[in-house]
Amino acid sequence: MRPLDATELLNAWEHGLNQPILQRALILILTACPELDSEAAENMSIGARDARLLRLREWIFGTRLLNTAQCPQCGERVEWEGRTRDLRIQTVDDADLAEDFTLEVDNYRLHFRLPTSKDIAAVMAVAQSDGNTGAMALVKRCVVSADQAGDACNLADLPQHALDALSQQIEKLDPQAEIRTALTCPACSHQWEVLFDIAGFLWTEINNWAERTLRSVNLLASAYGWTEREILSLSPVRRQLYQGMVNR
Ligand SMILES: [Zn+2]
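Just so you know, these numbers come straight off a predicted model, no measurement behind them. (Residues numbered from 1 in each chain as written. Predicted model: local features only at pLDDT ≥ 70, side-chain atom pairs only at ≥ 80, totals over all residues. Heavy atoms only, no water.)

Undergrad: Quick rundown of the domain arrangement of the protein? Include the residues and the values.
TA: Each assigned domain of the protein is listed with its residue range as follows: domain 1 (91-173) and domain 2 (206-247). Each of domain 1 and domain 2 has a C-alpha centre, and these two points are 48 Å apart. (Domains from an automatic or database assignment.)

Encoded structure:
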């Protein structure tokens, strides 16, 4: 994995413009991780994916992030500031990719893998309305094989408690898949936890950055006659200083 320069980031952004968010996340990861092929990226667990997106976010925009949430009690819009290191639970480790696991519950033995972007896309396509059904469908997709006291067992025959245990085990093995942060409302002191979606958050930041960058290219190209490539190869600091001189 490596940092992206301005041209690579703009290309990734353009490529992802008309894509769903899962695809955008994969485009960013494939651009930053040329050592992975698209199959490896698609089969990456959500936690492994999000650990990479957090690292990429640090490289592009730094470690400090500002976000907003709405207080569920009084409706106040709450701004919260976080650090990427406080949100990072998993490290980026290519050895983690495409691993299979085993879980034993009573006399059931389940072979399973961790949920991937593909699983989420498939589950979202069928179970948009019901979050609980969606979560259970996701868990079921992760079962590779199951047996009961040594005899092969159908997915449909697995008892709910075995699936619940599997769901908990998946959470434990892929902790980065759900990033939570605790907030306190400044207006009513209500305390609650919000889920932080690094894929959506980072894409919004990249989108804003791309629009600013293209405006800057337009301004500097008009003023100095430089090409897009020349302008993008300037450091952000120089680009901004020249832009300030043109605007003056
Ligand atoms: Zn409140």
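Next comes the rest of the write-up.
Undergrad: So what about the coordination of the zinc ion? Which residues, and what values?
TA: Protein coordination at the zinc ion comes from Cys-71 (SG), Cys-74 (SG), Cys-185 (SG) and Cys-188 (SG), with a distance range of 2.3 to 2.4 Å. Its four donor atoms give the zinc ion angles of 107 to 112° at the centre, a pattern that matches the tetrahedral case. Here the donor residues for the zinc ion map to a single chain with the spacing C-x2-C-x110-C-x2-C. Note that Cys-74 is positioned in the loop between strand E1 (64-70) and strand E2 (77-83) and Cys-188 in the loop between strand E7 (179-184) and strand E8 (191-196), a separation of 114 residues in sequence. (Donors = N, O, S within 2.8 Å, 3.2 Å for Na, K, Ca; no water. Tetrahedral: all angles 85-135°; square planar, octahedral: opposite > 155°, others 65-115°. Helix = DSSP H or I, 4+ residues; strand = E, 2+ residues; numbered from the N terminus.)

Undergrad: Give me the confidence of the model for the protein: which residues, what numbers.
TA: Scored by pLDDT, the protein comes out at a mean of 91, with 96% of its residues at no less than 70. When mean pLDDT is taken per element in the protein, helix H1 (residues 6-16) scores highest with 97 and helix H7 (residues 131-141) scores lowest with 81. (pLDDT = per-residue confidence, 0-100.)

Undergrad: I'd like a description of the sheet that holds strand E3 (residues 101-105), backed by residues and values.
TA: As summarised here, the arrangement of the four strands in space is E3-E4-E5-E6, forming an open sheet in which the pairing is antiparallel. With partners counted over all chains shown, the strands left at the sheet margins are E3 and strand E6 (151-152), one partner each. Where strand E4 (residues 108-112) and strand E5 (residues 143-148) come together, five bridges link them in antiparallel fashion. The residue of E5 that forms the bridge with Arg-109 is Asp-147. Where helix H8 (residues 160-173) meets the sheet, its contacts fall on E3, E4 and E5, and the angle it forms with E3 comes to roughly 140°. (Pairing = 2+ DSSP bridges. Contact = heavy atoms within 4.5 Å. Axes fitted to C-alpha atoms, helices over the stretch in contact; angles between N-to-C directions.)

Undergrad: Can you lay out the pairing of E1 for me, pointing to particular residues and giving the numbers?
TA: If a strand is regular, its side chains alternate between the two faces of the sheet. Burial of the side chains of E1 is restricted to one face: Leu-65, Asn-67 and Ala-69 are buried, whereas none of Arg-64, Leu-66, Thr-68 and Gln-70 on the reverse face is. Remark: six residues form the turn of the hairpin made by E1 and E2, two consecutive strands paired antiparallel; Gly-75 in that turn has positive phi of roughly 85°. (Buried < 20%, exposed > 50% of the residue type's maximum accessible area, 1.4 Å probe, protein only.)

Undergrad: Explain helix H4 (residues 46-61) residue by residue, including any values.
TA: The first and last C-alpha atoms of H4 sit 22 Å apart over 16 residues, in line with the 22 Å expected at 1.5 Å per residue. Of the positions making up H4, those classed as buried are Ile-46, Gly-47, Ala-48, Arg-49, Asp-50, Ala-51, Arg-52, Leu-53, Leu-54, Leu-56 and Arg-57. Against helix H2 (21-32), E1, helix H5 (84-87), helix H6 (117-126), E7 and helix H9 (198-224) lie the buried residues of H4. Where H4 ends, the next residue or the one after it, Gly-62, has phi of about 95°, a positive value. (Expected span 1.5 Å × (residues − 1).)

Undergrad: Break down a nonpolar patch on the surface for me, citing the residues and quoting the values.
TA: Where nonpolar side chains cluster on the molecular surface, the patch consists of Tyr-224, Val-237, Leu-241 and Met-245 and spans about 390 Å² of accessible area. Among the elements that make up the nonpolar patch, the one with the highest residue count is helix H11 (residues 236-247) (three residues). Within the secondary structure layout, Val-237 lies in helix H11. For Val-237, a relative accessible area of 56% corresponds to the exposed category. (Patch = residues over 30% accessible without salt bridge, like charges linked within 9 Å, V, L, I, M, F, W, Y side chains within 5 Å. Areas by Shrake-Rupley, 256 points an atom, 1.4 Å probe, with all protein chains shown as cover. Salt bridge = Lys/Arg side-chain N within 4 Å of Asp/Glu carboxyl O.)

Undergrad: With reference to specific residues and values, describe the packing of H4 against H9.
TA: Running from N to C, H4 and H9 point in directions that differ by 30°, and their axes come no closer than 10 Å. Looking at the two axes, H4 sits roughly parallel to H9. By crossing handedness, the relation of H4 to H9 is classed as left-handed. Contacts between H4 and H9 involve Arg-49, Asp-50, Leu-53, Leu-54, Leu-56, Arg-57, Ile-60 and Phe-61 from the former and Ile-198, Ala-199, Phe-201, Leu-202, Glu-205, Ile-206 and Trp-209 from the latter. (Parallel < 35°, antiparallel > 145°, perpendicular 65-115°, else oblique. Left-handed = near helix turned anticlockwise from the far one by under 90°.)

Undergrad: Can you lay out the nonpolar core for me, pointing to particular residues and giving the numbers?
TA: Ranked by size, the top nonpolar core spans 45 residues in total, and within it Leu-28, Leu-53, Trp-192 and Phe-196 carry the most contacts. Examining the composition of this core, we find that 10 residues originate from one element, H9, more than from any other. Discounting chain neighbours no more than four positions away, the residues touching Trp-192 are Ala-69, Gln-70, Cys-71, Pro-72, Val-78, Thr-181, Ala-182, Leu-183, Thr-184 and Cys-185. By size, the runner-up hydrophobic cluster in this structure holds 18 residues, among which are Cys-142, Val-143, Ala-162 and Leu-166. (Core = buried A, V, L, I, M, F, W, Y, C linked by side-chain atoms within 4.5 Å.)

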